[in-house]
Amino acid sequence: VYCLAEFAEYQQEWRLAFLSYVRCMKWNKAHDIFIKYLLADLFFCDDLKTLDEYLQCLERHQNEITDWSTKGMMAYEYLKLMRDIQRNPTQRVEINLNRIEKIKQGMQRMVNELNACHTDNDMNGKEESDDDLKLRVCLDTCIQKLETCFTHLKPK
């Protein structure tokens with residue numbers, strides 16, 4: 001299965017690579033592929049069921065994933081928060097406002113990390129990859145939604 005994972009990664013078949021690394025229990029590699037190549041596509045395609053399944057799978061192994069708390073967990077907490085707000089926007093408002101702030105800060109750190117990589121690439125004459133751009137737009141969109149939720153939930 002590990003050979004299949006490496007081959008799928010080489011072929012840029014990201015879902016197959018992710019699932020194969022999961023089967024091999026290569027959690028850091030699976031998480032990296034998920035964040036860099038799958039997260040934005042799943043958000044933009046509104047494939048929340050698959051997004052939730054993949055994040056649940058990774059969460060079960062969070063102690064084995066180096067960047068879980070700064071990347072995968074942010075996406076998972078965002079997904080859970082949006083679901084909670086959608087189900088009952090008037091319940092647990094103060095808690096949700098705090099959750100919004102924490103998730104927004106985490107996602108902003110991810111954007112800042114992408115910006116730093118992009119700046120380094122600029123200095124080396126490299127362009128930003130399509131995948132990095134897609135991830136940046138995804139994170140920016142999530143941050144904007146969090147800001148909108150904060151504005152609407154905040155007591156007047």
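Here, every reference points to the structure presented above.
Chemist: Just checking my understanding: could you explain the overall build of the chain for this structure?
Modeler: Within the chain, the secondary structure is distributed over seven helices and zero strands. For the chain, the N- to C-terminal ordering of α and β elements is α-α-α-α-α-α-α. By the compact-globule yardstick of 15 Å for 156 residues, the chain fits well, its C-alpha radius of gyration being 17 Å. Principal axes of the C-alpha set define a box for the chain whose edges measure 55 × 40 × 30 Å. In the chain, once contacts between residues fewer than 6 apart in sequence are set aside, the share between residues at least 24 apart is 60%. Summed over its atoms, the accessible surface of the chain is roughly 9,400 Å², and 50% of this surface lies on carbon and sulfur atoms. Each charge class in the chain can be summarised by its mean position, and for the 22 positive and 26 negative side chains these summaries are 6 Å apart.

Chemist: So what exactly am I meant to see when it comes to the packing of helix H3 (residues 27-44) against helix H7 (residues 130-153) here?
Modeler: For any two helices packed against each other, the geometry is given by the interaxial angle and the distance between the axes. At a minimum axis distance of 9 Å, the contact between H3 and H7 shows a crossing angle of 50°. In terms of their interaxial angle, H3 and H7 are classed as oblique. Here H3 and H7 pass one another in a crossing that is left-handed. Residues Ile 35, Lys 36, Tyr 37, Leu 39, Ala 40, Asp 41, Phe 43 and Phe 44 of H3 lie in contact with H7, whose contacting residues are Asp 131, Asp 132, Lys 134, Leu 135, Val 137, Cys 138, Thr 141 and Cys 142. Grouping the constituent residues of the contact of H3 with H7 by class yields ten nonpolar, one polar and five charged.

Chemist: Explanation requested: unusual backbone geometry in the structure shown.
Modeler: Across the chain, the bulk of peptide bonds are trans and the bulk of non-glycine residues have phi less than zero. For Gln 12, which is not a glycine, the phi torsion comes out positive at approximately 60°. Of note, Gln 12 is situated in the loop between helix H1 (2-10) and helix H2 (14-23). What makes Gln 12 exposed here is its relative accessible area of 55%. In this model, Met 25 sits at a positive phi of 60°, which is unusual for a non-glycine residue.

Chemist: Just to check I follow, could you spell out the pattern of salt bridges for this structure?
Modeler: Proximity of charged atoms lets side chains of opposite charge pair with each other. As enumerated under the stated definition, the model contains 13 salt bridges in all. For the salt bridge of Asp 47 with Arg 15, the shortest nitrogen-to-oxygen distance reads 3.6 Å. Note that Asp 47 is positioned in the loop between H3 and helix H4 (48-59) and Arg 15 in helix H2, a separation of 32 residues in sequence. The salt bridge involving Lys 49 is made with Glu 53; its shortest N-O contact spans 3.4 Å.

So, how was this worked out
- Residues numbered from 1 in each chain as written.
- Predicted model: local features only at pLDDT ≥ 70, side-chain atom pairs only at ≥ 80, totals over all residues.
- Heavy atoms only, no water.
- Helix = DSSP H or I, 4+ residues; strand = E, 2+ residues; numbered from the N terminus.
- Rg over C-alpha atoms; globule rule 2.2 N^0.38 Å.
- Contact = heavy atoms within 4.5 Å.
- Areas by Shrake-Rupley, 256 points an atom, 1.4 Å probe, with all protein chains shown as cover.
- Lys, Arg positive; Asp, Glu negative; His and termini not counted.
- Charge placed at Lys NZ, Arg CZ, Asp CG, Glu CD.
- Axes fitted to C-alpha atoms, helices over the stretch in contact; angles between N-to-C directions.
- Parallel < 35°, antiparallel > 145°, perpendicular 65-115°, else oblique.
- Left-handed = near helix turned anticlockwise from the far one by under 90°.
- Nonpolar A, V, L, I, M, F, W, Y, C, P; charged D, E, K, R; others polar.
- Buried < 20%, exposed > 50% of the residue type's maximum accessible area, 1.4 Å probe, protein only.
- Salt bridge = Lys/Arg side-chain N within 4 Å of Asp/Glu carboxyl O.

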